[in-house]
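An overview of the molecular structure
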2 protein chains.
Amino acid sequence: MRARIHITLKRGVLDPQGKAVGQALAALGFAGVGEVRQGKVIDMELADTDPVRARDSLREMCERLLANTVIEDYEIDLTG
Amino acid sequence: MRARIHITLKRGVLDPQGKAVGQALAALGFAGVGEVRQGKVIDMELADTDPVRARDSLREMCERLLANTVIEDYEIDLTG
């Protein structure tokens, strides 16, 4: 089973990387670009074939290691 | 219009960040974790409301700034 996890800064948390990207796009002449936010995506292969168990395990990975839940949100997608 | 862009290392390109995450998960006792790859996700607001033009513009942003197309792939999703 494959999983994709998105880890993004919570709304309201300052995102200097995203801001830098937005400014660089403006400097290159791209108009009409509003807020830019940058996060991480983690693609993972799992031996587990049970989606419920896999999702539980991924949630625990996010809580314990992958995300800093004080400032970051995570989303888990199982991609079969 | 909102867009989400995924920037991931091409297949075959060494991903030390992903490897480190995989090893940390194993050290924490998570079993059955196979290959782990880490990439970037960029969420962006665009003033453009035409999906075809927006996608063209995003493709150009990826080629010129956001992705290093020698070693990275990008995927563009328009999310309305």
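Every chain begins its residue count from 1, and numbering advances along the sequence as written. Going through the entries in the order they are written, you letter the chains from A and number the ligands from 1. Confidence filtering applies because this is a predicted model: local features only for residues at pLDDT of at least 70, side-chain atom pairs given and counted only at 80 or more, and all residues used for totals across whole chains, interfaces and linings. As a rule here, side-chain values cover all heavy atoms of the structure and leave hydrogens and water aside.

Some remarks on the packing of helix α1 (residues 16-27) of chain A against helix α2 (residues 51-66) of chain B
Interaxial angle, 0 to 180 degrees, is taken between N-to-C directions of lines fitted to C-alpha atoms, where a helix line uses only the stretch in contact. A run of DSSP states H or I qualifies as a helix once it reaches four residues; a run of E qualifies as a strand once it reaches two. Both are numbered from the N-terminal end. At a minimum axis distance of 11 Å, the contact between α1 of chain A and α2 of chain B shows a crossing angle of 105°. Considering their axes alone, α1 of chain A and α2 of chain B lie roughly perpendicular with respect to each other. Of the residues in α2 of chain B, those in contact with V21, A24 and L25 of chain A of α1 of chain A are M61, L65 and L66 of chain B. When its residues are assigned to classes, the contact of α1 of chain A with α2 of chain B shows six nonpolar, no polar and no charged. An angle below 35 degrees is read as roughly parallel, one above 145 as roughly antiparallel, one from 65 to 115 as roughly perpendicular, and any other as oblique. Residue contacts follow a heavy-atom distance rule, with two residues in contact if any of their heavy atoms lie within 4.5 Å. Each residue is assigned to one class: nonpolar for Ala, Val, Leu, Ile, Met, Phe, Trp, Tyr, Cys and Pro, charged for Asp, Glu, Lys and Arg, and polar for all the others, Gly among them.

Examining the sheet that holds strand β1 (residues 2-9) of chain B
Two strands make a pair as long as DSSP finds a minimum of two bridges between them. Spatially, the six strands line up as an open sheet ordered β3(A)-β1(A)-β2(A)-β2(B)-β1(B)-β3(B), and their pairing is antiparallel. Taken across any chain shown, the strands that pair with only one partner, and hence form the sheet edges, are β3 (72-78) of chain A together with β3 (72-78) of chain B. For this sheet, the mean angle separating the axes of adjacent strands, direction not counted, is 25°. Pairing between β1 of chain B and strand β2 (residues 33-46) of chain B: six bridges, direction antiparallel. Note that in β2 of chain B the partner of A3 of chain B across the bridge is M44 of chain B.

Points about the relation of the copies chain A and chain B
Laying chain A over chain B is done by rotating through 180° and shifting 0.0 Å along the axis; what remains is an RMSD of 0.0 Å. The transformation relating the two chain copies, once decomposed into turn and shift, fits a two-fold axis. Relative to the rotation axis, the C-alpha of K40 of chain A is the closest in chain A, positioned 2.3 Å from it. Take the interface residues of chain A: 100% of them recur as interface residues in chain B, which is what a same-surface contact looks like. Here the copies were fitted onto each other by least squares, based on C-alpha atoms from residues at pLDDT of at least 70 in both.

What to know about the interface of chain A and chain B
With 31 residues of chain A at the interface, the matching set in chain B holds 31 residues. Summing both sides of the interface, chain A and chain B together bury roughly 2700 Å²; the carbon and sulfur share of this comes to 62%. Summed over both partners, buried area is the accessible surface (1.4 Å probe) that two parts give up on being assembled. Per-residue buried area on chain A facing chain B is highest for F30, V41 and L65 of chain A; these three make up 18% of the total on that side. Criterion for a salt bridge: a side-chain nitrogen of Lys or Arg within 4 Å of a carboxyl oxygen of Asp or Glu. Across the contact surface, chain A and chain B share two salt bridges. A salt bridge links R4 of chain A to E75 of chain B; the nearest nitrogen and oxygen atoms lie 3.6 Å apart. N or O atoms within 3.5 Å of each other form a polar contact, as long as, within protein, one can give a hydrogen and the other can take it, and as long as residues adjacent in sequence are counted only when both atoms are side-chain atoms. On inspection of chain A and its partner chain B, the count reaches 11 residue pairs in polar contact (both at pLDDT 80 or more). Within the residue set of the side of chain A that touches chain B, elements represented by two or more residues are β1 (2-9), α1, β2 (33-46) and α2 (51-66) of chain A. At 14 residues, β2 of chain A tops the list of elements feeding residues into the side of chain A that touches chain B. Of the residues that constitute the side of chain A that touches chain B, the class distribution is 15 nonpolar, seven polar and nine charged.

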